[in-house]
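# Fold and contact review
Spelled out, the chains give:
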Amino acid sequence: MIRRAKSLTAWAVTAALVVSALSLAAAPVHATDPDPATQQYRPYLHYTPEENWMNDPNGLVYHNGKYHMFYQYNPFGTTWGNMSWGHASSADLLHWQEQPLAIPQTFNGVGQSVEDIFSGSIVVDSQNSSGFGTAQDPPLVAVYTSNYTGSHPTLAHKQAQSLAFSTDDGQTWTKYSGNPVLNRNSSNFRDPKVFKYDGPAGSYWVMSAVEATEHRVVFYKSNDLKSWDYLDDFGPANAQEGIWECPDLFPLAVDGNPANIKWVLVVNLNPGSVAGGSGGQYFVGDFDGTSFTSDTADAVDALPAGTVVGGFNNGTYNGWTAQNDAANPAGPWGAAPASGSVVGQNQVTGHIGAGLVNGFHGGDTPVGTLESPAFTVGSDYLNFLVGGGRHPQLPGEQSGNVPPPGYLLFDGFDYPGTLTDAGWQLTGDFQAARNPSTSGGEFAIGKRINTFEGGILADGNMGTITSPEFYLTNNNIGFLLGGGNRTDGQLQVELLVGGTPVRTATGTNSGDLNWKNWDVSQYFGQIARIRVVDNATGPWGHLTLDNMILGSVPAKPRSAETTVNLMVNGQTVRTATGADSEHLDWAAWDVKEFRGSQATIRVVDNNRSGWGHLLADEFVLSDTEALPRMEEHDWLDWGKDYYATVSFNNTPDGKRVMLGWMNNWDYGQATPTSTWRGTMTLPREVTLTQTPKGPRLRQKAVTQTDTLKNTAATYTAQGQDIQPGSTTLPISGDVVQIDAEFSPGTASSFGLKVLGSGTEATLIGYTPSTRRAFIDRTNSGNEGFHPAFASIDDAPVQLVNGRLRLRVYVDRASVEVFAQDGLVTLTDQVFPAAGAQSISLFSEGGTARVESLTVTPLNKAMW
């Protein structure tokens, strides 16, 4: 690739002067700038800008023998901001040349940004309907969203649609003086995709855009691109999490049959994609020039057939026992089921009927449990709707506040008199008459030691409280502890052996007491004391201690879970949690093994932090499994990194080529690249093919990708069994195409490992029991740059004649997986260690078989 020119020739004169004055000019190339080709994680097949931030593709168009890719771009940094349109062009969709900045943000006369240039599209105005060119030299017209900043004099914080035009093949652009051309007085009206409609209703320009927060696509028509008339809107439908963005509407012939045309409406959304965060869904249906009608919008929910265990629709909890928070008695469950959202809560969606369990009464702070009456498990599945916080119960935790078994030391501080009467020694500010205390700290069991209440100075109390001697006759001391956190020894509970602290613990800056445990086995049989040290003052300058138990079993800390649990014989046998969403979706437990058993459902909210609440509705015992709504929707891609996907206008031969931003807003601004941030996917040709569910998209990398193959270096393997474990192939590489066909055999999972480096690799595989293909990047290299990055992303994939076909493109820092000839795709970024190039086959739980395998190195398209 030729490095992009640094000139900002597209800037208007005023803006250029302002930028100069603010010293915001794009950084010049220096001799010390790294060669992009040598930068770790720089892809060789996928487009990246040489420097700075890039996100959504915009204005994708073919014109005069070239493909043009415009995109959201920050000319001045590697995170989102200063939104303008960058530009690159290519003759083959692979070898891109970066061009000067196309459409810059707009500044006023004193250097303030008044308009950011958000997403949009470009059309070839071949009839010069806009009048921006001539019949002999028709213009390219960009239709984009003007995001007006707070400094705009008349449209502050509004979004409207505007025009810019070019008569030199997209090299320079002029903003239309009559902007905006379409204004709905909305702050979330954006992302216009325009195309020329020619059909029974006439010939005119059609725009699809979104009212993002309303989950609606709005359609307009125009004869000149300047004046727009409302046609209709579509939505809400299917996935409605987050916001809708970047729509696209286009026709495709089903299996190439021109007599069977269906229309595809693409809607990107963030968050709320099937893999979490950003993604794209699509609808198949008909467009008559005015309205889009979907054949694939999922029907309004009906309950699965079966026995309702909890419905919450008659205004009561129907015998369920609600334990609300003693400190917040109205929450978390309230006195009765909610009808939807409660005070202070965002919109709750996805519930059915008049009521639901909503644990947001009083906000996220209250904690408590809600438990059903006992019932007999009489079906194969227990289906229910769940939403709210994603806080599972972790191993080694408990949802209750149950002490471990053992000997209760010091009578749990439930002395009839004072600590001094019981042989404790108090120093400093602590007074015998005030100890033990009956107040302070939640989850205490009876009386407790509370250094806030133990003297008259509250958090200013200082001194020590030391127990009588006792023998260590078991291996653990479990105890409840709350209060302040200090790491300097000024605020802690100590175990003294021979007068020396051998174990210590401090609080967590919380009034909630939780279980802690000391392993004291090495001191078995020795004499010990407990000492509470409080030499801390100021906020949280106190500790609360209770219920010390000497026993053989470690104390289990109380969880911070927000869960729904199936309880059988007092034990949790199934559990589920929310997805950090106010949208409820179906969960299903396979409960065949418990048929005939008595059980209860226990809803637990032990969390006081963000998303510290749970939503639940419609518990139904059924012989059929309710699938999550997400599984029923049609997704462009099931991976984490395929967003803002739109198609090229005016492509040769009528092909429909789509392109997405290979990133996710969950972590997109934290990815560990250096001088740039943001990558485009490989361009994909999409077609419609008939399936048992109706016409659905099939995707493949554009055929031009084949020109990059280094066929002389291709490795081909004959059919062979894959023994349990990993089998390293005699070919390696980090820029390759892999074509493989597998049979499951007896394996519980199988597939490929790519970008391997000893103990790390990215797994691309299949699990026969769940019939799902997956990308596992939890041990792929650098996953720690953001907590949302490490993931296993999977998709339902049906075997064809008992076999799985995969085509995989590996490009240094990404994998794009096309399963069953592109009926399902998964796209993920990965950030492997330097030099990670090994390729392996793997099988777990048995022996799988690779029927055919070809690994082909690919030549660079970029850099």
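Residues numbered from 1 in each chain as written. Predicted model: local features only at pLDDT ≥ 70, side-chain atom pairs only at ≥ 80, totals over all residues. Heavy atoms only, no water.

## Some words on the overall build of the chain
Put simply, the rule is: Helical segments are the DSSP runs of H or I of at least four residues, strand segments are the runs of E of at least two, and each set is numbered from the N terminus. Every radius of gyration here is taken over C-alpha atoms, with the globule rule written as 2.2 Å times N^0.38, N being the number of residues. Each residue is assigned to one of three classes by its accessible area relative to the maximum for its type, calculated with a 1.4 Å probe on protein chains only: buried under 20%, partly exposed between the two thresholds, exposed over 50%. Two residues qualify as a contact provided that any one of their heavy atoms is within 4.5 Å of a heavy atom in the partner residue. Areas reported here follow the Shrake-Rupley algorithm with a probe of radius 1.4 Å; residue values treat only the protein chains shown as occluding. His is not counted here, nor are the chain ends, while Lys and Arg score as positive and Asp and Glu score as negative. Each charge is placed at NZ for Lys, CZ for Arg, CG for Asp and CD for Glu.
Scanning the chain from N- to C-terminus turns up 2 helices and 58 strands. At 32 Å, the chain has a C-alpha radius of gyration in line with the 29 Å of a compact globule built from 863 residues. By its C-alpha atoms, the chain is 105 × 70 × 65 Å across when sized along the principal axes. The buried share among the 863 residues of the chain stands at 57%. Considering only contacts in the chain between residues 6 or more positions apart, those separated by 24 or more positions represent 70%. Split by element, the accessible area of the chain, about 32000 Å² in all, is 49% carbon and sulfur. Charge-centre separation for the chain: the mean point of 52 positive side chains lies 3 Å from the mean point of 84 negative side chains.

## Focus on the sheet that holds strand 41 (residues 643–647)
Heads up, the rule is: Any two strands between which DSSP finds at least two bridges are classified as paired. Axes here refer to lines fitted to C-alpha atoms; in helices the fit is confined to the stretch in contact. Angles between the N-to-C directions go from 0 to 180 degrees.
If you walk across this open sheet you meet the 4 strands as 41-42-44-45, and the pairing is antiparallel. The strands lining the two open edges of the sheet, one partner per strand, are strand 41 and strand 45 (694–701). Along the sheet, successive strands turn relative to each other by an average axial angle of 40°, direction set aside. Pairing between strand 44 (residues 684–691) and strand 45: 8 bridges, direction antiparallel. Bridging across to strand 45, Thr 687 finds its partner in Arg 698.

## Re the packing of aromatic side chains
The way to describe two aromatic rings as a pair is by their centre distance and the angle between their planes. The condition that has to hold: Only Phe, Tyr and Trp rings take part, Trp by its six-membered ring, and two of them pair if their centres are within 6.5 Å. Stacked means planes under 30 degrees apart, edge-to-face means over 60, and tilted covers everything else. Distance and angle both matter: a charge sits over a ring if NZ of Lys or CZ of Arg is within 6 Å of the ring centre and within 35 degrees of the ring normal.
Within this structure, the stated rule accounts for 46 aromatic pairs. When the centroid spacing of 5.9 Å and the interplanar angle of 45° are considered together, the rings of Phe 219 and Phe 287 count as tilted. Placement of the pair is Phe 219 in strand 13 (residues 216–222) and Phe 287 in strand 17 (residues 279–287), with a sequence separation of 68 residues. Ring pairs connect the aromatic residues Phe 195, Tyr 197, Tyr 204, Phe 219, Trp 263 and Phe 287, which therefore count as one cluster. Sitting over the face of the ring of Phe 189, Arg 184 holds its NZ or CZ atom 5.4 Å from the ring centroid. It is Lys 196 that lies over the ring of Trp 205; its NZ or CZ is 4.9 Å from the centre.

## A look at the nonpolar core
The following threshold applies: Among buried residues, the Ala, Val, Leu, Ile, Met, Phe, Trp, Tyr and Cys ones that are joined through side-chain atoms within 4.5 Å form a nonpolar core.
Counting residues in hydrophobic clusters, the biggest one holds 61 residues, and the most contacted among them are Leu 265, Phe 292, Ile 738, Phe 742, Leu 853 and Val 855. In contact with Val 855, not counting residues within four places along its chain, are Ala 713, Thr 714, Tyr 715, Leu 729, Ile 731, Val 736, Gln 737, Ile 738 and Ile 839. In terms of nonpolar packing, the next biggest core, distinct from the first, is built from 39 residues, Tyr 62, Met 69, Trp 661 and Ala 861 among them.

## Overview of the pairing of strand 51 (residues 760–767)
Each regular strand shows side chains that alternate between the opposite faces of the sheet. Counting buried residues in strand 51 gives 7 out of 8 residues, a clear majority hidden from the surface. As paired strands, strand 50 (residues 749–757) and strand 51 are joined by 6 bridges and run antiparallel to one another. Bridging from a neighbouring strand, Leu 752 pairs with Ile 764 of strand 51. In sequence, strand 50 turns back onto strand 51 through a hairpin of 2 residues, with Gly 758 there showing a positive phi of about 75°. Pairing analysis gives 5 bridges linking strand 51 to strand 52 (residues 772–776), with the strands arranged antiparallel. Bridge pairing in strand 52 links Tyr 766 to Ala 773. Adjacent in sequence and paired antiparallel, strand 51 and strand 52 are bridged by 4 residues, among which Arg 771 carries a positive phi angle near 55°.

## Notes on the environment of Thr 290
Residue placement: Thr 290 occurs in the loop between strand 17 and strand 18 (292–294). Sequence separation between Thr 290 and Tyr 220 is 70 residues, and the spatial gap between their C-alpha atoms is 8.3 Å. Excluding residues that lie within four positions of it along the chain, Thr 290 makes contacts with Phe 219, Leu 231 and Asp 232.

## Examining the side chain of Ser 791
Test applied: Counting of polar contacts relies on pairs of N or O atoms within 3.5 Å, with two restrictions inside protein: one atom must be capable of donating a hydrogen and the other of accepting it, and residues adjacent in sequence are counted only when both atoms are side-chain atoms.
Along the chain, Ser 791 turns up in the loop between strand 52 and strand 53 (792–796). In this structure the side chain of Ser 791 is engaged in a polar contact, spanning 2.9 Å, whose partner is the side chain of Arg 777. Among the polar contacts listed, one links the side chain of Ser 791 to the side chain of Asp 793, at a separation of 3.0 Å. When residues no more than four places from it in sequence are discounted, the contact partners of Ser 791 are Lys 640, Ile 775, Asp 776, Arg 777, Thr 778 and Asp 828.

## Notes on the pairing of strand 14 (residues 229–234)
Of the strand pairs in this sheet, strand 13 and strand 14 are connected by 5 bridges, and their pairing is antiparallel. In the strand pairing of strand 14, Val 218 is matched with Asp 233. Counting the residues that bridge the hairpin from strand 13 to strand 14 gives 6 residues, and of these Leu 225 lies at a positive phi of roughly 70°.

## What about the sheet that holds strand 18?
Sheet architecture is open: 4 strands sit in the order 15-16-17-18, paired in antiparallel fashion. Every other strand in the sheet has two partners, leaving strand 15 (243–253) and strand 18 as the edge strands with one partner each. For this sheet, the mean angle separating the axes of adjacent strands, direction not counted, is 40°. Note that strand 17 and strand 18 share 3 bridges and pair antiparallel. Residue pairing across strands places Gly 285 opposite Ser 294, the latter belonging to strand 18.

## What to know about the pattern of salt bridges
Side chains bearing opposite charge may pair, as long as their charged atoms lie close to each other. Here is the rule: When a carboxyl oxygen of Asp or Glu lies within 4 Å of a side-chain nitrogen of Lys or Arg, that pair is called a salt bridge.
For the coordinates displayed, the defined rule picks out 33 salt bridges. Here Arg 531 ties to Glu 494 by a salt bridge, and the two come within 2.8 Å at their closest N and O atoms. Here Arg 531, found in strand 34 (residues 527–534), pairs with Glu 494, found in strand 31 (residues 491–497); they are 37 residues apart in sequence, far enough to count as distant. Looking at Arg 531, the relative accessible area reads 23%, which means it is partly exposed. Measuring nitrogen to oxygen at the nearest pair gives 3.2 Å for the salt bridge that ties Asp 721 to Arg 849. Here Asp 721, found in strand 47 (residues 720–722), pairs with Arg 849, found in strand 58 (residues 848–857); they are 128 residues apart in sequence, far enough to count as distant. The class for Asp 721 is partly exposed, based on a relative accessible area of 43%. Each of Asp 721, Glu 741, Arg 803, Arg 849 and Glu 851 takes part in a single network of salt bridges with overlapping partners.

## A word on the confidence of the model for the chain
Spelled out, the test is: On a scale of 0 to 100, pLDDT captures the predictor's confidence in every residue.
Per-residue pLDDT for the chain has a mean of 94; in total, 96% of the residues score no lower than 70. With pLDDT under 50 throughout, residues 1–31 is counted as low confidence; its partners more than four residues away or in other chains account for 57 contacts.

## Considerations on unusual backbone geometry
Of the consecutive residues Gly 235 and Pro 236, the connecting peptide bond is found in the cis state with omega at -5°. By secondary structure assignment, the location of Pro 236 is in the loop between strand 14 and strand 15. In this structure, the amide linkage connecting Asn 435 to the following residue, Pro 436, adopts the cis form with an omega of -5°. Tracing the backbone through its elements, the reader meets Pro 436 in the loop between strand 26 (425–426) and strand 27 (449–450). The phi dihedral of His 157 falls on the positive side, at around 65°, and the residue is not glycine. Position of His 157 among the secondary structure elements: in the loop between strand 7 (140–148) and strand 8 (159–166).

## Overview of the side chain of His 215
As for its position among the elements, His 215 is in the loop between strand 12 (202–211) and strand 13. With a relative accessible area of 12%, His 215 lands in the buried category. Within the structure, the side chain of His 215 is placed 2.8 Å from the backbone oxygen of Gln 240, a separation counted as a polar contact. If near-sequence neighbours (up to four positions away) are discounted, His 215 is found in contact with Phe 234, Gly 235, Pro 236, Gln 240, Glu 241, Gly 242, Ile 243 and Trp 244.

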